[in-house]
Amino acid sequence: MELYLDTADIEAIKRLAPVLPINGVTTNPSIVAKSGKAIFALLDELQDVLGYDKLLFAQVLASDAKGMIKEAKQLREVVPSIVIKIPVNAQGLIAIKELTQQGITTLGTAVYGAGQGFLAALAGAKYIAPYVNRIDAQGGNSKDTVLELQKLLDLHCPESVVLAASFRTPRQALDCMLAGCKAITLPVDVAELFISDPAVEAAVAKFDQDWCSAFGALEY
């Protein structure tokens, strides 16, 4: 199971990386724009903070396959191990096929249907990213979409991995993991919800209070 943070917030990564067993960080153009930093400088900083044993993901901006391939190579010059995110449309599928042939790892992104994601896997994408919350927001059923996509990959493209994205709640992430997803990427706020339940702090405080009442101090 691979766990990623979906952010370019350096301070958030520094705070959460020691806590969570993350495999790296995913970004997209909106996340990079929010950081206010130039993409290449940002990627250098992210890799330095994460360490070189972690994966980084960055997305192309071009809308045509030739431009996507060119940008992918530019990104790889900065971070040789970077995974290139390619939107799964007609031009994106062309780019995924060509980049795969060149040995460049890709992620098929902006996936809203199981069939769409499956085509990206057939084209050679290592990772497929269904947009869970966005599917639900459009009136779809993200849980069914992820289940269908995972089954298609298990049957026909076991070398590809569902990397579920676009979460608003921990429940959505849990549903994806229960559906068999081998990877998820969490926004910082959703990741923190997994480890910040007020009931936990209340339970620990009660344990401390009871111990101090009996022994006077929190020590053995």
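Because the structure is predicted, anything quoted here is derived from the model rather than measured.

## A look at the packing of aromatic side chains
Summed over the entire model, instances satisfying the criterion amount to five aromatic pairs. On the numbers, 5.1 Å between centres and 80 degrees between planes, the contact of Tyr4 with Phe57 is edge-to-face. Linking Tyr4 in strand β1 (residues 2–6) with Phe57 in strand β3 (residues 55–59), this pair joins segments that are 53 residues apart in sequence. A relative accessible area of 1% places Tyr4 in the buried class. With centroids separated by 4.6 Å and ring planes inclined at 50 degrees, the aromatic side chains of Trp211 and Phe215 adopt a geometry described as tilted.

## Concerning the sheet that holds strand β7 (residues 161–164)
Around the barrel, which closes on itself, the eight strands sit in the order β1-β2-β3-β4-β5-β6-β7-β8 with parallel pairing between neighbours. Taken over all neighbouring pairs, the strand axes of this sheet differ in orientation by 25 degrees on average, direction set aside. As judged from the three bridges shared by strand β5 (residues 106–111) and strand β6 (residues 127–130), these two strands associate in the parallel manner. From the neighbouring strand, Val111 faces β6, where its bridge partner is Pro130. Relative to the sheet, helix α5 (residues 90–101) contacts β4 (83–87) and β5, its axis offset from that of β4 by approximately 155 degrees.

## Quick look at the side chain of Thr185
Looking at where Thr185 falls in the secondary structure, it is placed in strand β8 (residues 183–186). Within the structure, the side chain of Thr185 is placed 2.7 Å from the side chain of Thr26, a separation counted as a polar contact. Aside from chain neighbours lying at most four places away, what touches Thr185 is Tyr4, Leu5, Asp6, Thr26, Leu163, Ala164, Ala165 and Phe167.

## Brief notes about the pattern of salt bridges
Evaluation of the coordinates by the stated rule reveals five salt bridges. In this structure, the salt-bridge partner of Lys37 is Glu45, at a minimum N-O distance of 3.0 Å. Classification of Lys37 as partly exposed rests on a relative accessible area of 35%. The exposure class assigned to Glu45 is partly exposed, which follows from its relative accessible area of 31%. Here Asp210 ties to Lys206 by a salt bridge, and the two come within 2.8 Å at their closest N and O atoms. With a gap of four residues between them, Asp210 and Lys206 both fall in helix α11 (residues 198–215), about one helical turn apart.

Reading the values: rules and limits
Residues numbered from 1 in each chain as written. Predicted model: local features only at pLDDT ≥ 70, side-chain atom pairs only at ≥ 80, totals over all residues. Heavy atoms only, no water. Phe/Tyr/Trp six-rings, centres within 6.5 Å; stacked < 30°, edge-to-face > 60°. Helix = DSSP H or I, 4+ residues; strand = E, 2+ residues; numbered from the N terminus. Buried < 20%, exposed > 50% of the residue type's maximum accessible area, 1.4 Å probe, protein only. Pairing = 2+ DSSP bridges. Axes fitted to C-alpha atoms, helices over the stretch in contact; angles between N-to-C directions. Contact = heavy atoms within 4.5 Å. Polar contact = N/O pair within 3.5 Å; in protein donor to acceptor, adjacent residues only side chain to side chain. Salt bridge = Lys/Arg side-chain N within 4 Å of Asp/Glu carboxyl O.

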